[in-house]
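The lines below spell out each chain.
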Amino acid sequence: MITNQLLRPASIVVVGASNNVHKPGGAILRNLINGGYCGALRVVNPKETEVQGIPSFGDVKELPNTELAILAIPAALCPDVVEMLASQKQTRAFIILSAGFGEETHEGALLEDRILATVNKYQASLIGPNCIGLMNTWHHSVFTLPIPNLHAQGVDLISSSGATAVFILESAVVKGLQFNSVWSVGNAKQIGVEEVLQHMDETFNPATDSNIKLIYMESIKDPDRLLFHASSLIRKGCKIAAIKAGSSESGSRAASSHTGAIASSDSAVEALFRKAGIVRCFSREELTTVGCIFTLPELKGKNFAIVTHAGGPGVMLTDALSKGGLNVPKLEGPSAEELKSKLFPGASVGNPIDILATGTPEHLSIAIDYCENKFDNIDAIFAIFGTPGLVTMFETYEVLHQKMLTCRKPVFPILPSIHTAGEEVGVFLQKGHVNFADEVTLGTALSRIVNVPRPATPEIELFGVDVPRIRRIIDSIPENGYIEPHFVQALLRSAGIPVVDEFVSAKKEEVLAFARRSGFPVVAKVVGPVHKSDVGGVVLHIKNEQHLALEFDRMMQIPDAHSIMVQPMLKGIELFIGAKYEEKFGHVVLCGLGGIFVEVLGDVSSGLAPLSYEEAHSMIRSLRAYKIIQGTRGQKGVNEVKFAEIIVRLSTLLRFATEIKEMDMNPLLATEKNVIAVDARIRIEK
């Protein structure tokens, strides 16, 4: 529960306030005072009559009614103080900085439970315990530094970790990123990341609220809530980037399928973020860089011009953009020649546009103008300009300032000399701009933003999926574990997934008869062992009855073998689709190249069932092997539409057969005309 007393309190008390600003109780009071808090500010310290110029109460019982209480006292004292303030002083918001609760001991967890029961009883808000506090434009209730520039249209930061929030702020401040609020939820006993996001969604006003949210989280307690409210905010015009730290390895323990070997809870996180439209980051630098990009005008395309006075950074930025699927198109023709004539001899304009180390502010201005007005194949402009310390950069950065105000196309300032030209960069930032000191981090962050899909639609694709039949098949399966091939085929066919004809029998003559009917060559596979290939249980290109008979006899001797499956031998590129049930998240669907490559290369993408066609195509196109799927070096590609359709149909099957806990189709054989499943395994738990 997030109350107005937490966000805009008319009065605040710091219990455990100190004159020592190196202690949390002293530092938070200093920040409140320096932050210009305009309400009634009170302190409780039984050993002092005055703390930092504010008269001190000796006991919380002596306080007048106070809306927000900040506790910087030992954990054992907190439950009684919370009870006193909530019941007798009408306090309806609490920030508990203290550690020593559930993060440390069982006894500490019991203290937390007492506090939670009290705040819920009185419908009060609780931030923490074990946090650095909460900071917004109304009050700076944190005990840490730095305090960033706070602005109503700045960024909202929500962090599970107080220390990490501080380090994110350190990274952001030097870039010029401004903030609207900083939430450190600590143990999140009542209010966690999901609850803050829900409040921001339910109260969102596009005219007054920040549309940029940055998140650092160490666990996802409620994936459905996170998905719903993140998607909702993004549809309302917000931009969200997040770090999810701490990936569990539980998904790969004792894996009995390809999917089990490669899926993990991190796959579920990746799938959730994709479905919500969240930009996933992996470091503080990435997160704050993405946040800075969000503050600039929205990109309308993937083509970039690089204006630089140093060749190396331009080349490294080009490489970073290319790796992310972004373009640095060649600039040529009359306009390019005209631009070159206006620069110093030796300058190059092919893109990157290198105006040379001796290039002037005027040259920078001219190059940007040409990118803005003359080159129609350019969507945005990078301006790389530092200094070797021979001249000041005030005039150059003023040019850049003016261009950023007037250009229709986004201009990304890359000012690497944050020490040598620190004063000039500082003046530039004070004008409301951001700075990207490292071009490669910027290029990587941009690629993450450009490639993230829009939030998925919540509708389930049902066309061609026989849900009643799927339920009848699942209900008829007698026991848990990997199910028999005929059940697998029946489930896939019920979902409209094309499967190769196959026949299973423990009788040699029946297997030979099917092969004669279907025609040679055929494939023979042992039925029983889980990993057929590992035990010599798969034979391809069987061209006649004699060969098939010999392989039948051999494979029936393999331990655990109880029958043989035979299929027509098909050709095509091998693909893979798998799924695994993750607790709280639901089914995670994965796709990639098939055969042995799925585990060897680890090139898979994930989505959260049920999936839309847009999500399925996004998954396919995010694969590093996507060029193979498209077709490369004279080899024909595969039918991407059919591949995406099977992914969607499988996700719908999983939605109505939640008993399926693990499965894979590997391989599917794909051509430019069709995609068909030739081998599949399904494990159920009822």
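Residues numbered from 1 in each chain as written. Predicted model: local features only at pLDDT ≥ 70, side-chain atom pairs only at ≥ 80, totals over all residues. Heavy atoms only, no water.

1. Here we look at the overall build of the chain
Then step 1. Helix and strand content of the chain: 24 helices and 29 strands.
Then step 2. In terms of overall dimensions, the chain has C-alpha extents of about 100 × 75 × 35 Å along its principal axes.
Then step 3. When each of the 686 residues of the chain is scored for burial, the buried share is 57%.
Then step 4. The contacts of the chain with a sequence gap of at least 6 include a subset with a gap of at least 24, amounting to 70%.
Then step 5. Summed over all atoms, the accessible surface of the chain reaches about 28800 Å², with 52% contributed by carbon and sulfur.
Then step 6. On the chain, the mean spot of the 65 positive side-chain charges and the mean spot of the 74 negative ones are 4 Å from each other. (Helix = DSSP H or I, 4+ residues; strand = E, 2+ residues; numbered from the N terminus. Buried < 20%, exposed > 50% of the residue type's maximum accessible area, 1.4 Å probe, protein only. Contact = heavy atoms within 4.5 Å. Areas by Shrake-Rupley, 256 points an atom, 1.4 Å probe, with all protein chains shown as cover. Lys, Arg positive; Asp, Glu negative; His and termini not counted. Charge placed at Lys NZ, Arg CZ, Asp CG, Glu CD.)

2. Details of the confidence of the model for the chain
Then step 1. Scored by pLDDT, the chain comes out at a mean of 93, with 97% of its residues at no less than 70.
Then step 2. This model gives residues 250–258 a pLDDT under 50, and the stretch forms 29 contacts once residues within four places in sequence are excluded. (pLDDT = per-residue confidence, 0-100.)

3. Description of the packing of helix H10 (residues 284–294) against helix H16 (residues 439–451)
Then step 1. Remark: H10 packs on H16, axes separated minimally by 9 Å, with the N-to-C direction vectors making an angle of 70°. Here H10 lies roughly perpendicular to H16, going by the angle between them. For the element pair H10 and H16, the recorded crossing hand is right-handed. Contacts between H10 and H16 involve Glu285, Glu286, Thr289, Val290, Ile293 and Phe294 from the former and Thr441, Leu442, Thr444, Ala445, Leu446, Arg448 and Ile449 from the latter. (Axes fitted to C-alpha atoms, helices over the stretch in contact; angles between N-to-C directions. Parallel < 35°, antiparallel > 145°, perpendicular 65-115°, else oblique. Left-handed = near helix turned anticlockwise from the far one by under 90°.)

4. Comments concerning the sheet that holds strand S13 (residues 239–244)
Then step 1. The sheet built from seven strands is open, its strands ordered S9-S8-S11-S10-S12-S13-S14 with mixed pairing. Here the strands that pair on one side only, and so sit at the sheet edges, are strand S9 (140–142) and strand S14 (279–281). Adjacent strand axes in the sheet meet at a mean angle of 20° when their direction is disregarded.
Then step 2. Sheet contacts for helix H5 (residues 162–173): strand S8 (133–136), strand S10 (150–159), strand S11 (179–184) and strand S12 (212–217); angle to S10, the most-contacted strand, approximately 140°.
Then step 3. Along the sheet face, H10 touches S12, S13 and S14 and points at about 180° away from the line of S13. (Pairing = 2+ DSSP bridges.)

5. Describing unusual backbone geometry
Then step 1. At the junction of Leu145 and Pro146, the peptide bond is cis and its omega measures out at 5° in the coordinates.
Then step 2. Relative to the helices and strands, Pro146 is located in the loop between S9 and S10.
Then step 3. In this chain, Asn351 is followed by Pro352 through a cis amide linkage whose omega measures 5°.
Then step 4. Within the secondary structure, Pro352 sits in the loop between helix H12 (334–341) and strand S16 (353–354).
Then step 5. The phi torsion at Asn130 lies on the positive side, around 65°, for a residue other than glycine.
Then step 6. For Asn130, the position within the fold is in the loop between strand S7 (125–127) and S8.
Then step 7. Unusually for a residue other than glycine, Asp560 sits at a positive phi of about 75°.

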